[in-house]
Amino acid sequence: MLQVYNTLTRKKEEFKPIEKNHVRMYVCGPTVYDYPHIGNARSFAVFDTIRRYLEYKGYRVTYITNFTDIDDKMINRANEEGISVADLAARFIAEYYIIASELNLKPATVNPRATEHIDDIIDMVSKIIENGHGYVVDGDVYFDVPSWSNYGVLSKIPLDELSAGLRVNVGEKKKDPRDFALWKAEKPGEPSWDSPWGKGRPGWHAECSVMGKYYLGIPFDIHGGGQDLIFPHHENEIAQSAAAYGEKTPVKYWLHNGFLTINTEKMSKSEGNFFTAREVLDNYDHQAVRFYLVSGQYRQPLDYNDKALKQAIQSLERIKNAADTIRGKISILEKKGGRRTKADDKLSEAIKKVREGFEREMDDDFNTPGAIAEIFTFVRDINSLTPDIGNAAVLREALSTLSELMSILGINLEKAEDEAGGKSVEVLKGVVGLLLEVRENARKSKDYAAADMIRDRLKELSISVADTKDGPTWKIE
Ligand SMILES: [Zn+2]
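Residues numbered from 1 in each chain as written. Predicted model: local features only at pLDDT ≥ 70, side-chain atom pairs only at ≥ 80, totals over all residues. Heavy atoms only, no water.

**A look at the domain arrangement of the chain**
What the domain assignment lists for the chain is domain 1 (3-257), domain 2 (306-408) and domain 3 (420-476). Summarising the inter-unit geometry, the C-alpha centres of domain 1 and domain 2 are found 41 Å apart. Taken together, the contact between domain 1 and domain 2 spans 11 residues of the former and 13 residues of the latter. When the two sides are added together, the surface that domain 1 and domain 2 hide from each other amounts to roughly 1100 Å², 57% of it contributed by carbon and sulfur. In this structure, the connection of domain 1 to domain 2 is made through 2 salt bridges. Its salt-bridge partner being D364, residue K12 comes within 2.6 Å of it at the nearest N-O pair. Our count for the domain 1 to domain 2 interface comes out at 11 residue pairs in polar contact (both at pLDDT 80 or more). When residues of the side of domain 1 that touches domain 2 are traced back to their parent elements, those giving at least two are β1 (3-6) and α1 (38-56). A per-class count over the side of domain 1 that touches domain 2 returns 6 nonpolar, 2 polar and 3 charged. (Domains from an automatic or database assignment. Contact = heavy atoms within 4.5 Å. Buried area = accessible area lost by both parts, 1.4 Å probe. Salt bridge = Lys/Arg side-chain N within 4 Å of Asp/Glu carboxyl O. Polar contact = N/O pair within 3.5 Å; in protein donor to acceptor, adjacent residues only side chain to side chain. Helix = DSSP H or I, 4+ residues; strand = E, 2+ residues; numbered from the N terminus. Nonpolar A, V, L, I, M, F, W, Y, C, P; charged D, E, K, R; others polar.)

Take a look at the structure:
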């Protein structure tokens, strides 16, 4: 039984989608004004793994993640660069798709953009005003927070405590410091759209309420995002959706991922303690970055440091080596044949155990570190049992199980480190295989000098050859 921690109730709850066998899920996506930072990348990877696990459990998942392509940050950045907001958005949406592919994120069902839903946003804001929870001042529209007694349901901040420390800033026309903008009147040089309140643009929070309802219907099952979005973004989203559409609980489960720290310090752009996902992906193997991003339990903080990345590289290497060990033995058995042995039974048992263990951990609020520990136990079993396996079928099952479980974490074991390197690895495997065949033939015809020469020359190239009872094996030192 899958249990998920719901920020709304602050409890782990049994996961039961509203529609049988169908999960409707919305994850707040990036504001496309710059490269996403590595903390954003964590959120992308975490919710992709959650989605993949739900699919593994047999659910059909409708997965929506948006692009915020109009807000203050977009406008400021576009003005700095002297380009249009639309051009800025196009550039960083393209960047997002590159990063998404490098992190092996499954494509979303839809990636809607705020500017594609202006009419729907206007419709929602109109409903909020009609229902008595929004008001217009000089072309701005605000949500009347004190009129909404349920405000604070997600963040657990009582309405009366919320005003402490809040002020109405100069230039703002709201009645209460707790109120937030649903629609902002046009300022010179800003993109704007016609509305019943004059030209303007949506406030940031409006889009997610609108797009969630548009693509998923409300109530829907899972709303995800970083912890920093609980307040005010998601609190405001609940208030808007409920006030406009009359659905008191527009989302059943609210899931939030923890922060990413850098060398144990809070990530901060102004203090230079900051990495973009692009920088990290340029410096490390893409699969290792993905593996690192999902290596911690998603609600806990995750620290980014060089050691953690190197550890991810090594861990992944061990798992890939185990897959290679299996492949090597399969090719030997395919040539020579074999009989079922005791090791076969033990490996069958290990296959059953890893699947059970992986599911048990993932069913506990997607506990990826526990699930990865189960995979490592399996890797040890593979390494110790494979030399004595007599039958290729059990090895194929072990390999497909390992591949399937790793694919939930977003790692494709069939794929080499990168596309360009993939082909050269295949060529290398072929060439070494050919040389070893030549060496075997030399040995058979007792030409030991030629056989040793091939082995020694390979060694000079850091390729060590070992002769086992099943034939020669090789590895790169
Ligand atoms: Zn959002």
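**As for helix α11 (residues 342-363)**
With 22 residues, α11 ought to run about 32 Å at 1.5 Å a step, and its terminal C-alpha atoms sit 32 Å apart, in line with that. All of the buried residues in α11 are A343, D344, L347, A350, I351, V354, G357, F358, E361, M362 and D363. Contact partners of the buried residues in α11: β1, α1, α12 (368-385) and α13 (392-408). N-capping of α11 is provided by T341, with a side-chain oxygen placed 3.3 Å from the backbone N of A343. In the stretch just after α11, D365 is the one whose phi turns positive, near 55 degrees. (Expected span 1.5 Å × (residues − 1). Buried < 20%, exposed > 50% of the residue type's maximum accessible area, 1.4 Å probe, protein only.)

**Remarks on the sheet that holds strand β12 (residues 265-266)**
The strand order β12-β11-β13 describes an open sheet built from 3 strands, whose pairing is mixed. Either end of the sheet is taken by a strand with one partner, and the two such strands are β12 and β13 (302-304). Taken together, the 2 bridges between strand β11 (residues 260-262) and β12 define a ladder with antiparallel strand orientation. Bridged to T261 within β12 is K266. α1 rests against β11 and β13 of the sheet, and its axis sits at about 145 degrees to β11. Helix-sheet contacts for helix α9 (residues 286-293) involve β11 and β13, and the interaxial angle to β13 is about 145 degrees. (Pairing = 2+ DSSP bridges. Axes fitted to C-alpha atoms, helices over the stretch in contact; angles between N-to-C directions.)

**Observations concerning the side chain of N257**
Within the fold, N257 resides in strand β10 (residues 251-257). The contacts of N257, once residues within four sequence positions are left out, are R42, S43, V46, F47, G225, G226, Q227 and Y298.

**Some words on the nonpolar core**
In summary, soluble globular proteins display a tendency toward joint burial of nonpolar side chains. Formed by 96 residues in total, the largest nonpolar core has its most connected members in M25, L54 and L347. Counting residues per element, this core draws most heavily on helix α10 (residues 306-336), which supplies 10 residues. Not counting residues within four places of it along the chain, the set of residues in contact with M25 comprises F47, I50, R51, L54, V61, T62, Y63, I64, L216 and I222. By size, the runner-up hydrophobic cluster in this structure holds 23 residues, among which are V141, L159, L182 and V210. (Core = buried A, V, L, I, M, F, W, Y, C linked by side-chain atoms within 4.5 Å.)

**Here's the deal with α9**
The buried count for α9 comes to 7 of 8 residues, which makes it a mostly enclosed element. Among the residues of α9, Q287, A288, V289, R290, F291, Y292 and L293 are the ones counted as buried.

**Section: the pattern of salt bridges**
Under the criterion given, the structure shown has 35 salt bridges. R52 is the partner of D48 in a salt bridge, and the nearest nitrogen-oxygen pair spans 2.7 Å. Placement of the pair is D48 and R52 together in helix α1, with a separation of 4 residues, close to one helical turn. For the residue pair D48 and R52, the accessibility class agrees, reading buried in each case. A salt bridge links E55 to R51, with the shortest nitrogen-to-oxygen separation between them at 3.2 Å. Here the residue E55 and the residue R51 both occupy positions in helix α1, the gap between them amounting to 4 residues, near one helical turn. Given a relative accessible area of 25%, E55 falls into the partly exposed group. It is possible to trace a salt-bridge network through shared partners that takes in D34, R77, E81, R91 and K269.

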